[in-house]
Every structure is written in structure tokens, then in C-alpha cells.
Amino acid sequence: MNRNRSRRLTYAMWIAIAIYIGIAIYVFWHFGFTKLPPPPI
Amino acid sequence: MTTPAGGASSAPDEHDSRGDTRKIVGILAALAIFIIVLYGYIIPLQGGFISSTAIRADDLLGADPQFEAQMPIQEVDLGASGRSIFIAFVMLTHILFANLHLGGAWVLLSLVVLDLAFRKERYARLGMSLALFNVILFSAGATFAAAGVLFFISLYPTFATQGFHIYWWPLLVEAILFGIEIFFVYTLWFTWGRIRGAWHVFLAVGYALSIYFQTLAIDTFVSGMLTPGEKTITWGAPGLLGMPWIDYLQWWFNPTLWPLQFHRVAAAVSYFGFLIALLAMLHFRDRTDPPSKKYWDWAGSFGILWGLVGLVAQPLLGLWYMYSIFSHQNQAFTNIMTGPRAWEMLMMIGLLSLLIVTVSVYFIERRERLLVRLGRHDIRNLFRAFAIVAAVAGLVLVQPAWLGGIMQFDPGTWANPLGLMYYKHIAILVLVAIGTIIIGIDLLVLREHRDKEWGNLSRASWMAALIAGVLGSWIVIIMGYVRESARSPWLFYNIIPVPGGQTYPTPVPPFQIFVVWMIGLGLAFAVFWFTSRVTSYHPEREEEV
Amino acid sequence: MVARETRMVEEKSGKRLSLISAVIIAIIAYLIFLAVVIVPLQGGEISSTAIFADNLSESNASYATSNIPVQGVGDVSRSAVIAFAMLTHIVFANLQVGGAWIIVATALLYFRYQRMRYRNLARSLTLFTLILFSAGSTFAAGGMMAIIALFPDLAMNIFHLYWWPVFIYFLLYGVVITLLFVFWFAWDRFRPGVHLALGFGYAISVFIQTITIDTLAAGMLTPGVKAFSFTESGLLPMTLDQAMALWFNPTLWELTFHRVAAAVAFFGFLIATLATIHYIDQKDFAAKKQWDWVAAYGIAWGLAGLIMQPVLGQMYMGAIQDNVPSAFMMIMHGPRAWAMLMMVTLLSGLFLAIGTYFLTRRDQLLSRPENRTIRTVFKGFLIMTAVSAFILVQPAWLGALFIDDPGAWINPIGGMPLKFVALFVMAAIGAAIAMLAVIILTSEDKEGQWGYLTRGSLLAAFTAGILGTAIVNVMGFVREAARAPWTFYQIIPVPGGQAYATPIPLPVIAGVWVIVLALSWAVFWYVAKVTAYHPTDEESV
């Protein structure tokens, strides 16, 4: 039981980390690549 | 119970106690080369030595005469930049002390909860040490804040008079929260182990929230200086509100308030974490008894993890912040990203890359024995790959986008093909991913296995943690300077200029600010180490960790 | 033996409680009389802004202006906000100003006589002031911020003119906290010589810090210049002569020394009050013995500071009379005289409380037949103090704003010469009691008597602490009220004219005082609980 719970917790944490990296990619895409900086003329 | 000296086999131990110090030499060499190239080559070629007061001379002529200085300029005998150097020194040092609370409160909250959940002595011990540390250093932060206020009113009277009037209510809230905050942290320390868990958590939450809102109150002012809520300052009738309510809200809740606020919290958490690591390393060296060595080794690792958590959050928040500046104060954005202050961003991102590399090296060295024992060569190789990839990403990030002109798009500048922002965004993303995965591996895979290893800190990882502490603090005051110099030559952007015109150019020039950084850091570290010697609770006996 | 003596004390305490109760009731009754009868009859309800309206409009002294609208604070007057921040700041700052000398003197006594009680006390007080250092600096910062926002022209001018003194003031914050912290850290670690050097360094740096801020505080009432002309630029905005006249203005030294004496008295009484609280709190006899002794020790210090104040106060008043006669008229012979009356009421109350403390606490010693004379002397002292107090609290006139206004009723026993005599009598009695107290404190015969504090003495010591804090608040207000309706006397007026009259009326300032007292005492009590070093066993205290 305890072992099971800790395993589930571990998975949850990894998923959270993956989601964070996903958010990071999105944020960089949204602000960084499409809006910043002004394209060189 | 294993003691660090009497390990199982002697030969690997001999090797482990030193670790691979070449990596440390590499980090230090990289740092030195980076600073030398930056100061000797990039800054001059990007116009970093030319003041914003000169570059934006035409804009300054358009300033409303009522916001020009009416009093003679108060000099401080430190040359033309003397006043700005003063403010920079006081404010950057204040930030170092104030961030102890802004970041430390959340770390303390985590320790209160961990103490409650796991009842391990080390959580309570570290929590009490940090709480007392913050109680004692509270006055230092407050004193520097007050001194900064004094310097503003004396050195920039028109600005301070207007600013304090616009921000009277937020500042009142800030002053009141000083009292509430010290009550919470003092009681938190005093009641550790004396009151029921829920109440203790309440105190920790109260401390964290009061400092959070205090920072928010002052950030209305700080962010408003860069992105003022209105085009000019228009006063109305005397009374409770000197201007319409809606105008106040524009000033207070200006476009960059929230990005600045969250970025600051993340930076403070990171700073506090790395600072714990640094102090733990000093205690580790200082103490001779095995229980203490074990304990401080653990505390260092705990601090590094928090430092990393704050660090990986910053690029996202920073990008949000930069984007807000880009859309609301475009000229300031060009100053710091594609203009003569871009070197500051390069320096900041360079140190950030180096921090990730250093932390990777710390984990490589720190977990070497453990990973070998567990047979996890995959993780070992992964850590090594991380250090190399982070170094490559760092090399991309420190590329100047152009050379040979004040602005990136000035005619005749050389555009660096490697300095495109696209590459840099990818490189930062890589660093964020590396940092996040390291946190994950250390917390999730190695969590239970780490405990037997405490006390076997190799010299290389000891030095890596120390370097991380220094870099983590330095980067905080670089970021403060970036905001300050983005604003130059204005105090309230495009409204109130720095008084004195061309005679008193801003921002503080690169070499002077370097000296300010070194003095501020030196002073803060001396105070931190001294205070931490008195406030630390060391283990008196071997505990079951 | 112990039980019998305790019982004896308990029997007497019923009667002895009545004496101090009478003193407390007399003080409260007189303060009510003051508020209800004297204040209205001396024009205390009329603002200085109204009285000096002509003066304000004629003023042509120059200073820099910003034309910013007045910042209101809701229904609370701006001056009340400043008063709250500044009076609270004074209470906490006085812990350093007065406490530094008492702490270092106590440490000196410890190194000289090696008694644990000196050591316990010095360490407790050091940690106490160390922790409360931040409270003092926080309120200083809060007050400064409020001044900048609420009185922008004043702030803009003074922080420019006083840049260097205030700059030194801030540098000294760092020096003070460092020395204080190292002094605390140094217990059991450094040699006594080094340790004491640190202590004296701490006390001296606090003293210099007080001087630097007093250049401003004194200058606001007696500016050494007629107007603010920013003639120069660079390191000084004015000529060096002007700067010196402004900084080392006519009342700088009087104010500084009066403040130090007041702070010593305040801290002494504070020790006494906190000691009584610990005395009640602690169960074991060794601790009771120590805290009983500490209360007496604190009262001796309080007395030492107190007897200096009438003399220093008169010098201060004389300097005010010479330099700003209209302000002197206001607080001595005019509509703010009630504040001075209130101050001497509290002063008299302090002397009475201390007399009662000694009379009730020395009971066991003095009740022996052979000591009947000393007992009679103490009783005589108390009666003489009461008579002096009766003279001191007489209003000099009633029924007009100023004493020399036509139609004013002149009180035959309210004249200054008689009051000088009364003040002198009080100070002399105080000095005599202080000397007796020091002899008794150090006498070996007395050693067995500690630990049997009567309830009457407990209450008296406690009262002294409260009065000592209250009087500091009142004195701060007197200077503030003397200045009204100016922020910088006869140069910068309080902005807003008749719509924002100053000084604060009695009910408002009384409210501020109550809040400041309650807040500071709650903090003191709370911090004292944690910072006290109690004797753990029956050591020689």
C-alpha cells in the first residue's frame, strides 16, 4: 500500500515536471518566437 | 551508523574526498574568461560605456519643466555618477537582505510542513536556524530600506516628493506590514516545538503572505517607475485622494506589476536556496563532529534544490516581464535587449547558464558514490550529459547579438549569426528542462537512497555548492541593476528625468557598478556568515536520519 | 522561617496596597480634572493655527515648494499619523539611548564583582534591546516615509539641508547594530576588556546617533536660520556657516542631554516593571530573589535619570525662551501649558510611586524598633513629595488663552518661583532616596531580604514603569505642540492652513498615547518573556 502510494506519487511528480516543461515550451513559443524581438528590417 | 572517515573501502574514499576538482577549475576559468571578454570586448563594442543621458538627450529636452529639479544637486563626492552609485549600493544591498524574507518565508514554510509531516529533527533544526537568522537580519533589511528612502528624498527631491505622494497608500501598507512580518517570523521562531502544528503552519503562512503583500506594495512603485500608469502626473484636490481613484489604480496596478512581482518571488526563493547551500558548506567545513557534518551536507543539498526550483521558474517569468516591457515601454526594452545595456542581459544569462552547469557538477560529484553503489550508470551519464549540454547552451546564450554599434540595427554593425534570439530561446528552454529534470531525479529517484550518504561530501561538490551560492546572489543584484539602467535617464520613465542633465549621466557605468556589486556582496556575505554562526542550531548527537 | 515572613508580608500587604492605590487614583483623578476643567479654561481646545493665523499669513520666509495637494488620511489627522509613528519610534529608540548605558554599566559591575545577577540581567537586557532594535528602526523608517508623503515640502527641504547629519545617522545604524550584536555574541567568548570596549562603543555610537538626529529635531523648533536659501550647489546646498548654524542650533545640546537622561529614567523604570512581571511569573525562589533585586536596581537607575531631568529641562526651557519666545509662551504661559502640567503630573506621580515602593518594600527592615528613624524619614519624604506635587500641578492662570491676557484669573500658588522650589525639593528627595537605595542594594545585611516583594511594592514598581513610558510620550508631544502651526518654526508652515489645524487636540493625542502605550507594552512583555535569563538553581544571586 505504502509502496504503491509512493509510486503513484512519483508518477504524479514526473507528470507535473513534464507539464512544467511543456508550459515552458509554450510560453517561449508564445512570447519568444512569435512576438519577441521585433524582426530585423 | 557509518561515519565519513571510516568508510567501507579506503581507496575509493580517498578518491571521493577530493572529487574531480578539474571541473571546478573549469567553471571558475569560464567565469573569469566570460567577465573579461564581456568587459574588455563586448561592452565597448556595444556602446555600454556611453550613458543613456547622452543617448536620450533629445528626449530629455521634452521633459515637463515642473518635474525638473528645483533645488541644487546634492553631491556626495563620488564623481558625476556619485548619486546613482549611492542609490545602487543601498538598494542592491537592501535587495540582498529583503530577499531573505521574500524567498526565505517560503523555504521556512516548507520546513514547517516537512517538520510536521516527517518529524525529523533536521527539519526543525534548519527551520529554527533560518527563522532566527531572518529575525536577526530583519533590521538590516529595514535599515537599508530606510536609508534608501532618505537618499531618494535628498538626492532626487522632486522625484521623491511626487513618487511618495502617488504611492502613499501602497507605502503605508508596506510600512504596516513591516510590523506584521516581524511579529510572524519572531513568533514562528519562538514557538517552534511549543505550539500545535496547525498554529505553527498558520504562522509560517502568515509570514510568507505578509512579506508577499509587502513586496507587492513596494512593487507598485518599483514597476511604476519603468512603466508609469499615465503619461504625466496630474494632481487634483487635497484630501484622501490627490487624484481620481481610477488614476491611482492605473499608477499602482501598472502593466509590469505582476510580472515583476512573480519574477522577484522566484528569484528570491532561488537566492535563498543557494544562500543556504553556501552557508551550509561553510558550516560543514567549520564543524568537526560527524553528526554536524552529516547535517550540513544535507542542508546544502536541500538549499541547492530550492535554488534550482526558483531558478527554473525565472526564465518563464522573465520572458513574461520582458514581453510586458516590450509592449508598454518599447524604448526601455530596446535599451536593454537591442541597445547599449544589452551587455547586462548577457551577463545575467551568462551567470544563469553557469549556475546550471555548476549545479549539474554539484550533482555529478555529490551523487557519484551513491550512483555507483546503486549501479545507476544511466543517471550518472545523464548528469554528465547535462553538464555538457548546459555548457553548450551557455555558449549560445552569451553570444552578443551584434558588435560595433550602440543599437543592434544601427547601420554598420556586425550581426552575429550565432546571436539570434531564436537560438537563445531554445538554449534557455534546454536549461530549464535540465534544471527541472535534475530536481525530479534527485527528489524522486534518489530520495530514499540519499540518506546514507550524508557526510561524504567531496571537495569538488563542496566547492560547486559554494560557487552556486555566490552566483545565485550575484545574479539577483545584476537583475536589479538591469531594471535600473533600463529606466535611465529617467526616474519615472518619460516623466521625471534624473536631475542635473548631462552633468550627471546615468546609468552607473560598468566598472563602477562592478565595484558596487563586489562591495555589496562582500558586505552581505560577511554579515550572513557571522550571523549564521550565532543562529545555527547544530546537532548535538547522532540522529536517525 | 520563609513561610512565617511571607505570611507577615501578606498580612501587611493589604494595608500597603492602599497607599499605592491612593497615588494611582490621585494621578488619574487629576488628569481627568486637567482634561475637563483646565484645558478648556486655558484655551487648550483652540488650535495654534487659529491663534497664529496672522503670523502665518505674514510669513515671508523662503523655502522650496512642490505645489502638491495635501494628502489626507481619512478622518485621522495627518499629525496624528506622524505622532503615532514618532512616539512609538521614540519609545523603542529610547531602549538604545538609555539602555546602552545601563547595559554597559551592569556588565561593568559584573566584571568587577562577578555576581551572577548582574550577568543574568546584562545578558537579558542585551538580547532584549537587540531583538527590539528592528522595531525602533522600522518605526523610524515608517515615520520618515509618512513625513515625506504627508509633509512633502518639509521633507524636501529638510532632507536636503540635513543631508550630512542624517547620512551619518544612517551609517550609525549599521555601527550600532553591529556593536550591539557583537556585544551580545561576546558573552563568555571575549576577554572582559574587549567585551567592555564593545559595550562602550555601542553606547557612544548610540549617543552620537542621537546627536545627529537631534540636529534636526531641535532645529525644527529653534532653527538657527531665518529662511532656507539654497545658495550653493555641490556637497552643501548652503554656505558652511549657515549649515553649522542650522545643525548646531541653539537647543541641540539641551535637547540631547535631556533626552539621554529621560531615556535612562525610562529604561530604568522599564526594567523595574518587567522585573515585577518576571517576579510574579517565576515560581522558584532563586528567580524571585533575582527579579526582586532587579526591580530595585531598575528603580535606582530610573531615579538617577529622573532627578537630572528637572535641571536639564529648565536649561532646555531657558534656551527655548531665548530663541523662540513665542513658542515658549505657547507651552508655558499659553494654551499648550496643559501639556506641561500633564508632564509634571506624571513626574510627580513617578516620585510618589517610587517613595511608596521604598516605604512598602523596606517594611521588614524598617519595622525593627531600632530603625524607626529611617522609617519616619521615608514617611516624611513621601509627605513632602505629595506637597510639592500639589504645588507643581497648579495651573498658573485660568479663564484666558495667555497668562497676561486681561481677565485671566491668576492662581496665587501657581507661580513659577514656588514651582521651582517644589521641583528642587522633589529632585533632592529623589537624590536622597537614590543614595539610600544604592547603599541598601549593595549591603550584605539586605541579602537575606530579597525575594519577599510585597504586593504594594509590586504595584508601585509596575506603576513607575507605565508612568515612565507615558512621560516620554508627553514630552515628545510638548515639543511638537510648541512648534505648531509650523513644521519648521516660522519658516515652513504645516500645509493646508486652517483646514488642517495643529496641534492635535487632547482627545486625539490621548488616543494616540493609549495606543502607543498598549502596543509598546504588549511588545515589551512578549519580548521580555523570551529574552530573560533566569537563575536555574540556588546560586549566589
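Please read all numbers here as calculations on a predicted model, not as lab measurements.

### With respect to the overall build of chain C
- When helices and strands are counted, chain C shows 19 helices and four strands.
- Taking 2.2 N^0.38 as the reference for a compact globule, 541 residues should give roughly 24 Å; the C-alpha atoms of chain C span a radius of gyration of 24 Å, in line with that estimate.
- The C-alpha extent of chain C, read off along each of the three principal axes, is 75 × 60 × 40 Å.
- The contacts of chain C with a sequence gap of at least 6 include a subset with a gap of at least 24, amounting to 83%.

### Comments concerning the overall build of chain A
- A count of helices and strands for chain A gives one helix and zero strands.
- Of all 41 residues assigned to chain A, the portion counted as buried reaches 7%.

### Quick notes on the environment of His-30 of chain A
Residue and element names in this part refer to chain A.
- With respect to the helices and strands, the residue His-30 is situated in helix 1 (residues 2-35).
- The partly exposed category is assigned to His-30, around which 14 C-beta atoms lie within 10 Å.
- As for His-30 and Arg-7, which are separated by 23 residues in sequence, their C-alpha atoms are 34 Å apart.

### Remarks on the interface of chain A and chain B
- Taken together, the 18 residues of chain A in the interface contact 19 residues of chain B.
- Taken together, the residues of the side of chain A that touches chain B sort by class into 15 nonpolar, two polar and one charged.

### Here we look at the arrangement of the chains
- Counting contacts across all two pairs of chains that touch, the top pair turns out to be chains B and C.
- There is a gap between chain A and chain C: no contact, and a shortest C-alpha distance of 39 Å.

### Remarks on the packing of helix 7 (residues 157-166) of chain B against helix 6 (residues 116-150) of chain C
- Packing of helix 7 of chain B against helix 6 of chain C brings their axes to within 8 Å, and their N-to-C directions diverge by 100°. With respect to each other, helix 7 of chain B and helix 6 of chain C are oriented roughly perpendicular. Taken together, the residues of helix 6 of chain C that come into contact with helix 7 of chain B (itself represented by Ala-160, Phe-164 and His-165 of chain B) are Met-145, Ile-148 and Ala-149 of chain C.
- Residues of the contact of helix 7 of chain B with helix 6 of chain C, tallied by class, amount to five nonpolar, one polar and no charged.

### Here's the deal with the packing of helix 11 (residues 252-281) of chain C against helix 19 (residues 506-531) of chain C
Residues and elements named next belong to chain C.
- The geometry of helix 11 relative to helix 19 is characterised by a closest axis approach of 11 Å and an angle of 60° between their N-to-C directions. By the angle class used here, helix 11 and helix 19 are oblique. The interaxial crossing formed by helix 11 with helix 19 has right-handed handedness. On the side of helix 11, the interface is formed by Leu-270, Leu-274 and Ile-277, while helix 19 contributes Phe-524, Trp-525 and Ala-528.
- Partitioned by chemical class, the residues of the contact of helix 11 with helix 19 number six nonpolar, no polar and no charged.

### Notes on the interface of chain C and chain B
- With 39 residues of chain C in contact, the opposing surface of chain B contributes 38 residues.
- For the side of chain C that touches chain B, the secondary structure elements donating two or more residues are helix 6, helix 7 (152-161) and helix 8 (163-185) of chain C.
- Broken down by element, the side of chain C that touches chain B gets its largest block of residues, 11 residues, from helix 6 of chain C.
- Residue composition of the side of chain C that touches chain B, grouped by class: 25 nonpolar, 13 polar and one charged.

### Focus on the nonpolar core
- The biggest cluster of nonpolar side chains holds 378 residues, and the ones touching the most others in it are Ala-468 of chain B together with Ile-299 and Ala-464 of chain C.
- Looking at this core, the element that brings in the most residues is helix 6 (residues 121-155) of chain B, giving 23 residues.
- Beyond its immediate stretch of four places on either side in the chain, Ala-464 of chain C contacts Phe-269, Ala-272, Ile-299, Gly-302, Leu-350, Ala-353, Ile-354 and Tyr-357 of chain C.

### Focus on the confidence of the model for chain C
Residue and element names in this part refer to chain C.
- Model confidence for chain C is summarised by a mean pLDDT of 88, while 93% of its residues fall at 70 or above.
- Per-element confidence in chain C ranges from a low mean pLDDT of 59 for helix 15 (residues 363-366) to a high of 95 for helix 9 (residues 192-221).
- For the stretch residues 537-541, pLDDT sits under 50, and the model shows 13 contacts to residues farther than four places along the chain or on other chains.
- Two numbers describe this predicted complex: its pTM, 0.88, and its ipTM, 0.81.

### Focus on the environment of Gly-148 of chain B
All names here are of chain B.
- Its location among the elements puts Gly-148 in helix 6.
- For Gly-148, a count of 20 C-beta atoms within 10 Å puts it in the buried group.
- For the pair Gly-148 and Phe-89, spaced 59 residues apart in the sequence, the C-alpha separation amounts to 9.1 Å.

### Digging into helix 11 (residues 257-286) of chain B
- With 30 residues, helix 11 of chain B ought to run about 44 Å at 1.5 Å a step, and its terminal C-alpha atoms sit 43 Å apart, in line with that.
- With 25 of 30 residues buried, helix 11 of chain B is to be regarded as a mostly interior element.

### A closer look at unusual backbone geometry
- Put simply, Ala-484 of chain C and Pro-485 of chain C share a cis peptide bond, and its omega is 5°.
- With omega at -5°, the peptide bond leading from Thr-502 of chain C into Pro-503 of chain C counts as cis.
- By the secondary structure assignment, Pro-503 of chain C is in the loop between strand 4 (492-493) and helix 19.
- The residue Asn-494 of chain B is not glycine, and still its phi comes out positive at about 65°.
- By secondary structure assignment, the location of Asn-494 of chain B is in the loop between strand 3 (490-492) and strand 4 (496-497).
- The partly exposed category is assigned to Asn-494 of chain B, around which 19 C-beta atoms lie within 10 Å.
- With a phi angle near 55°, Gln-114 of chain C is a residue other than glycine that sits in the positive phi range.
- For Gln-114 of chain C, the location among the structural elements is in the loop between helix 5 (99-113) and helix 6.

### Description of the environment of Pro-412 of chain C
Residues and elements named next belong to chain C.
- Among the secondary structure elements, Pro-412 is positioned in the loop between strand 2 (409-410) and helix 17 (416-442).
- A tally of 8 C-beta atoms within 10 Å means that Pro-412 is categorised as exposed.
- Distance from Pro-412 to Thr-276, taken between C-alpha atoms, is 42 Å for residues 136 residues apart in sequence.

Criteria and cut-off values
Residues numbered from 1 in each chain as written. Chains lettered and ligands numbered in written order. Predicted model: local features only at pLDDT ≥ 70, side-chain atom pairs only at ≥ 80, totals over all residues. Helix = DSSP H or I, 4+ residues; strand = E, 2+ residues; numbered from the N terminus. Rg over C-alpha atoms; globule rule 2.2 N^0.38 Å. Contact = placed C-beta atoms within 7 Å. Buried ≥ 20, exposed ≤ 12 C-beta atoms within 10 Å, placed from the backbone. Nonpolar A, V, L, I, M, F, W, Y, C, P; charged D, E, K, R; others polar. Axes fitted to C-alpha atoms, helices over the stretch in contact; angles between N-to-C directions. Parallel < 35°, antiparallel > 145°, perpendicular 65-115°, else oblique. Left-handed = near helix turned anticlockwise from the far one by under 90°. Core = buried A, V, L, I, M, F, W, Y, C linked by C-beta atoms within 7 Å. pLDDT = per-residue confidence, 0-100. Expected span 1.5 Å × (residues − 1).

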